[in-house]
Amino acid sequence: MKVLLVGGGGREHAIAWKLSQSKQLKQLYIAPGNPGTAEVGINVDIADTNLDGLVSFAKDKRIDLVVVGPEDPLAAGLVNRLEAEGILAFGPTQEAARLEADKAFAKQIMRANSIPTAEARIFTHFEDAKMYIASRDEPVVVKAAGLAKGKGVFVCDDPADGILAAEKIMVNKIFGDAGNTIVVEDKLLGQEASILAFVDGRTIYVMESAQDHKPIGEQDTGPNTGGMGAYSPAPIVTDALMDQIIREILVPLVDGMNRNETPYKGVLYAGLMITPGGPRVLEFNARFGDPETQPILMRMKSDLLEVMEAVCRGRLSEVTVEWDPRPAVCVVMASKGYPDAYEKGKVITGLEAAFRLKDVKVFQAGTAKRDGQLVTAGGRVLGVTAMGPTIADAKKRAYEAVSLIHFEGAYYRRDIADKALR
Ligand code: AMP
Ligand code: GLY
């Protein structure tokens, strides 16, 4: 098969790496890709939001399957455009991707299908939101309803902070139109877990569990980022809990999306809080998580391309997926300053040394080639991922690889996977 993968982050490097192992793969293109994906396929200089460019490239090259990595092209309707041209596309349609792109829509679907989530109110006027938040004396979570690169959520322990957050989003428009509507919800307590599943419209195939580390600082302090590290499996997700998640969340959601006439196909990502009262949905994403995908795909033994094709053809029930029982840990190395402003263009060294370590894979995210050298080009630069017989071993190995890699201002959390070890 000829495959076009859309995106250029660490997630896409992991997907490209995994697809490149498929016996069915004839040619892999990545648009726009990064220097990491260039090692396993051909990068094409088309932005992931250039829908016209992507569709005409897929037609010209007679692409058999387009895999859409990030949320922006999904929310913009890339899958609809490709399917209108008769091209197989892995990912939800624009209507179904609203599950991620519109948190107000997601809340409504959850409500309509009795899916456990935090109690929430939806606001389109700042004054109304302000009055509501001021009237509460518990902590609140204020979320921009639209897409904000994982940074649109403010967990506020005091109502004054909640009002400030609502003002930043709705009045100062720090996320642009993504903040025209906000969701204000109760703060939930517990441990988080990410559950990703392949869904073909009807059949749900749950992948191995994972846990992300969203805040920039150790011990989960500071502002949220796209994700600073992840591990898989998440020990908190026992078999019994996974059954409950499938029963109470995934099945009613996929069913509800069908009844809503927005059938869901692709990867469904449920960001959950495991509370003393059971699992609660924090958010849905319409795609693979980044960086959860890095450890999850490192553990996947089956042919990803075969599974993706089965999803697109509504035949997921016909394939089986196997996993390496060994845990994997991914540590994100970021540019100093991220998630705020940061400098780019710092030379990256040590990848060859890290490469020689056993069961280690360095996935590239914000990197670029300049005069033959690998340099930093984004906030999250690398996802250093390792497998080991235990989570502790995988962690040790990942940090051993991190210690071999250098660039000016490299920042990473030193406590990735500690939660799993407690
Ligand atoms: P989201 O993008 O909606 O998953 O939110 C990003 C992060 O904010 C989550 O991973 C949680 O750490 C935190 N968060 C979101 N909603 C809540 C909530 N209702 N209670 C506590 N923390 C939350
Ligand atoms: N790691 C969180 C996300 O992909 O949204």
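You'll find the structure just up there.
Let me sum up the structure you'll find in this document. (Residues numbered from 1 in each chain as written. Chains lettered and ligands numbered in written order. Predicted model: local features only at pLDDT ≥ 70, side-chain atom pairs only at ≥ 80, totals over all residues. Heavy atoms only, no water.)

**With respect to the site of ligand 1**
Quick note on the threshold: Put simply, a residue is near a molecule or strand once any heavy atom of it comes within 4 Å of that molecule or strand. We define a polar contact as two N or O atoms separated by no more than 3.5 Å, with the added condition that, inside protein, one atom must be a possible hydrogen donor and the other a possible acceptor, whereas residues neighbouring each other in sequence contribute only through side-chain atom pairs. Reported accessibility uses the Shrake-Rupley method at a 1.4 Å probe radius. Residues are deemed covered only where the shown protein chains occlude them. Numbering goes from the N terminus for both helices and strands, where a helix is a DSSP run of H or I of at least four residues and a strand is a run of E of at least two.
Not every one of the 16 residues close to ligand 1 is listed here, only the nearest: Glu185, Asp186, Leu188, Glu192 and Glu283. In this structure, an oxygen atom belonging to ligand 1 sits 3.0 Å away from a side-chain N or O atom of Lys143. Separating a nitrogen atom of ligand 1 from a backbone N or O atom of Leu188 is a distance of 2.8 Å. Here ligand 1 loses 94% of its free accessible area of 470 Å² to cover by the protein chains. Every element with two or more residues in the shell around ligand 1 is listed here: β7 (140–144), β8 (153–156), β9 (182–186) and β17 (278–285).

**Thoughts on the packing of aromatic side chains**
Convention followed: By convention, a stacked pair of Phe, Tyr or Trp rings (six-membered ring in the case of Trp) has centres within 6.5 Å and planes under 30 degrees apart, an edge-to-face pair has planes over 60 apart, and any other such pair is tilted. Type-normalised accessible area, obtained with a 1.4 Å probe on protein chains alone, sets the label of each residue: buried when under 20%, exposed when over 50%, and partly exposed for intermediate values.
On inspection of all chains with the given rule, the structure shows eight aromatic pairs. Ring geometry for Tyr29 against Phe57: centres 5.1 Å apart, planes inclined by 80°, an arrangement best described as edge-to-face. Of this pair, Tyr29 sits in strand β2 (residues 27–32) while Phe57 is found in helix α2 (residues 51–60), placing the two residues 28 residues apart along the sequence. The exposure classification of Tyr29 matches that of Phe57, with both residues buried. Between Tyr338 and Tyr342, the aromatic rings sit 6.4 Å apart at their centres with planes inclined by 65°, giving edge-to-face as the arrangement. Put simply, the rings of Phe90, Phe198 and Phe288 pair up and form one aromatic cluster.

**Section: the site of ligand 2**
Basically, it comes down to this: Only Asp, Glu, Lys and Arg are considered charged in this grouping, and only Ala, Val, Leu, Ile, Met, Phe, Trp, Tyr, Cys and Pro are considered nonpolar; every other residue, Gly among them, is considered polar.
Neighbouring ligand 2 are the residues Asp212, Lys214, Gly226, Tyr269, Asn285, Arg287, Gly289, Asp290, Pro291 and Glu292. Between a nitrogen atom of ligand 2 and a side-chain N or O atom of Asp212, the distance comes to 2.7 Å. Within the contact set of ligand 2, a nitrogen atom lies 3.2 Å away from a backbone nitrogen or oxygen of Gly226. Taking 200 Å² as the accessible area of ligand 2 by itself, protein coverage stands at 92%. Residues of the shell around ligand 2, tallied by class, amount to two nonpolar, three polar and five charged.

**Things to note about the pairing of strand β1 (residues 2–7)**
Condition: By convention, orient the strands away from the viewer: a clockwise path from the first strand over the helix to the second makes the crossover right-handed. Two strands form a pair only when DSSP identifies at least two bridges running between them.
Among the six residues in β1, five count as buried, and that is most of the element. For the handedness criterion, the β-α-β arrangement of β1, helix α1 (residues 10–19) and β2 is classed as right-handed. Where β1 and strand β4 (residues 65–68) come together, four bridges link them in parallel fashion. Residue Leu4 lies in a different strand from β4, and its bridge partner there is Val66.

**Digging into the pattern of salt bridges**
Note the threshold: The term salt bridge refers to a side-chain nitrogen of Lys or Arg lying within 4 Å of a carboxyl oxygen of Asp or Glu.
Throughout the structure, instances matching the rule amount to 30 salt bridges. A salt bridge links Lys214 to Asp212, with the nearest nitrogen and oxygen atoms 4.0 Å apart. Residue Arg397 pairs with Asp359 through a salt bridge whose shortest N-O separation is 3.5 Å. Of this pair, Arg397 sits in helix α13 (residues 391–404) while Asp359 sits in the loop between α12 (351–355) and β19 (360–364), and the two are 38 residues apart along the sequence. Take Asp359: its relative accessible area is 21%, and that puts it in the partly exposed class. Put simply, Asp324, Arg326, Lys358, Asp359 and Arg397 are held in one network by salt bridges that share partners.

**Focus on the sheet that holds strand β6 (residues 120–123)**
What counts here: Think of each axis as a best-fit line through the C-alpha atoms, taken over the contacting stretch in the case of a helix, with angles from 0 to 180 degrees between the N-to-C directions. When checking whether two residues touch, look at their non-hydrogen atoms; a contact exists if any pair is within 4.5 Å.
If you walk across this open sheet you meet the four strands as β6-β9-β7-β8, and the pairing is antiparallel. Of all strands in the sheet, those with a lone pairing partner are β6 and β8, marking the two edges. The mean inter-strand angle of the sheet, taken between neighbouring strand axes irrespective of direction, is 20°. Bridge count for β7 against β8 is four bridges, and the pairing is antiparallel. By the bridge assignment, Val142 is partnered in β8 with Phe154. Lying over the sheet, helix α8 (residues 159–170) contacts β6, β7, β8 and β9, oriented at roughly 5° with respect to β7.

**Description of the packing of helix α7 (residues 126–134) against α8**
To keep it simple, the criterion reads: Here the word oblique covers every angle except those under 35 degrees (roughly parallel), over 145 (roughly antiparallel) and from 65 to 115 (roughly perpendicular). With the far helix as reference, a near helix turned anticlockwise by less than a right angle produces a left-handed crossing, and one turned clockwise produces a right-handed crossing.
Packing of α7 against α8 leaves a shortest axis separation of 9 Å and a crossing angle of 165°. Here α7 lies roughly antiparallel to α8, going by the angle between them. Seen along the crossing, α7 lies across α8 with a hand that is right-handed. Within the contact between the two elements, α7 uses Phe126, Ala129, Lys130, Ile133 and Ala134 and α8 uses Pro159, Gly162, Ile163, Ala166, Glu167 and Met170. Broken down by class, the residue content of the contact of α7 with α8 amounts to eight nonpolar, one polar and two charged.

**With respect to α13**
In an α-helix, one turn spans 3.6 residues; hence positions three or four apart end up facing the same way. Basically, it comes down to this: One fewer than the residue count of a helix, multiplied by 1.5 Å, yields its expected span. By definition, the arc is the one covered by directions from the helix axis to the C-beta atoms.
The end-to-end C-alpha distance of α13 is 20 Å, a good match for the 20 Å that 14 residues give at a rise of 1.5 Å each. Within α13, the full set of buried residues consists of Ile391, Ala394, Lys395, Ala398, Tyr399, Ala401 and Val402. Buried residues of α13, viewed axially, fall in a sector of 155°; they line one side. Against β15 (229–232), β18 (328–335), α12, β19, β22 (380–387) and α14 (418–421) lie the buried residues of α13.

**Describing the sheet that holds strand β3 (residues 42–43)**
Spatially, the five strands line up as an open sheet ordered β3-β2-β1-β4-β5, and their pairing is parallel. Of all strands in the sheet, those with a lone pairing partner are β3 and β5 (88–90), marking the two edges. Lying on the sheet, α2 is in contact with β1, β2 and β4; it crosses β1 at an angle near 170°. Contacting β1, β4 and β5, helix α11 (residues 304–312) runs over the sheet at an angle of about 110° to β5.

By themselves, these are just geometric observations and shouldn't be taken as functional.
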